Amino acid sequence: MRANLLLMHYARSALDCPSCEADRLTSMADARIAICVASGVAIEDIDPATGYNHSRAAYDRARASWIDVIRQHGASEFHEVRDIAWARGLWAGKRPEFVEGDDWLIEALDAHKEFIASLGHPCRRTSCLVHFPAPTL
């Protein structure tokens, strides 16, 4: 089995024993830290409690990924808008200097408008906030 698949398996396998679960979470954080260090992430950009990469490059990848999803598929207030706010909020909690003045959703919606215009046919997603906005009362 590939190492990353094994790691993902253990990451999803919560244990009933509280001390065993604490050990598992610590081991997962240690494994993430090792992967980050091996990938060249600066140690000061790694969260020591979770092992997650909080570098500018990781922020830029997360941001670009969300913008690309909405660019292609549009955004619904019940899914993408809620989820992008959640993801951006996680970054705001860890690296507020990255998110200050950086509105992922506005850029994503603008990218979606341009993408749909380039296709030459209308947006087909009826829950799309850009092309099928909710009526105002």
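Just above, that's the structure.
None of these values were measured; they are calculated from a predicted model.

Run through the overall build of the chain, naming residues and quoting values.
Summing up its helical and strand segments, the chain has 6 helices and 0 strands in all. For the chain, the succession of helices and strands along the chain, N to C, is α-α-α-α-α-α. Radius of gyration (C-alpha) of the chain: 19 Å, far over the 14 Å computed for a compact globule of 137 residues. By its C-alpha atoms, the chain is 55 × 35 × 30 Å across when sized along the principal axes. The proportion of buried residues among the 137 residues of the chain is 29%. Relative to all contacts within the chain whose residues are 6 or more apart in sequence, the contacts with residues 24 or more apart total 45%. For the chain, the accessible area works out to roughly 9100 Å², and carbon and sulfur atoms hold 61% of it.

Any details on the packing of helix α3 (residues 56–73) against helix α4 (residues 80–94)? Residues and values, ideally.
One way to put it is that α3 packs onto α4 with a least axis distance of 11 Å and a crossing angle of 175 degrees. It follows from the interaxial angle that α3 and α4 lie roughly antiparallel. Side by side, α3 and α4 meet where A58, Y59, A62, W66 and I70 of the first sit next to E80, D83, I84, A87 and W91 of the second. Residues belonging to the contact of α3 with α4 are distributed by class as follows: 8 nonpolar, no polar and 2 charged.

Describe the nonpolar core, and please don't skip the residues or the numbers.
If you look at the biggest cluster of nonpolar residues, it comprises 16 residues, and the most contacted ones within it are Y59, I70, W91, W104 and L105. Of all the elements in the fold, those that place two or more residues in this core are α3, α4, α5 (96–99) and α6 (104–119). Beyond its immediate stretch of four places on either side in the chain, W91 contacts N53, H54, S55, A58, Y59, A62, P96, F98, V99 and W104.

Cut-off values and rules
- Residues numbered from 1 in each chain as written.
- Predicted model: local features only at pLDDT ≥ 70, side-chain atom pairs only at ≥ 80, totals over all residues.
- Heavy atoms only, no water.
- Helix = DSSP H or I, 4+ residues; strand = E, 2+ residues; numbered from the N terminus.
- Rg over C-alpha atoms; globule rule 2.2 N^0.38 Å.
- Buried < 20%, exposed > 50% of the residue type's maximum accessible area, 1.4 Å probe, protein only.
- Contact = heavy atoms within 4.5 Å.
- Areas by Shrake-Rupley, 256 points an atom, 1.4 Å probe, with all protein chains shown as cover.
- Axes fitted to C-alpha atoms, helices over the stretch in contact; angles between N-to-C directions.
- Parallel < 35°, antiparallel > 145°, perpendicular 65-115°, else oblique.
- Nonpolar A, V, L, I, M, F, W, Y, C, P; charged D, E, K, R; others polar.
- Core = buried A, V, L, I, M, F, W, Y, C linked by side-chain atoms within 4.5 Å.

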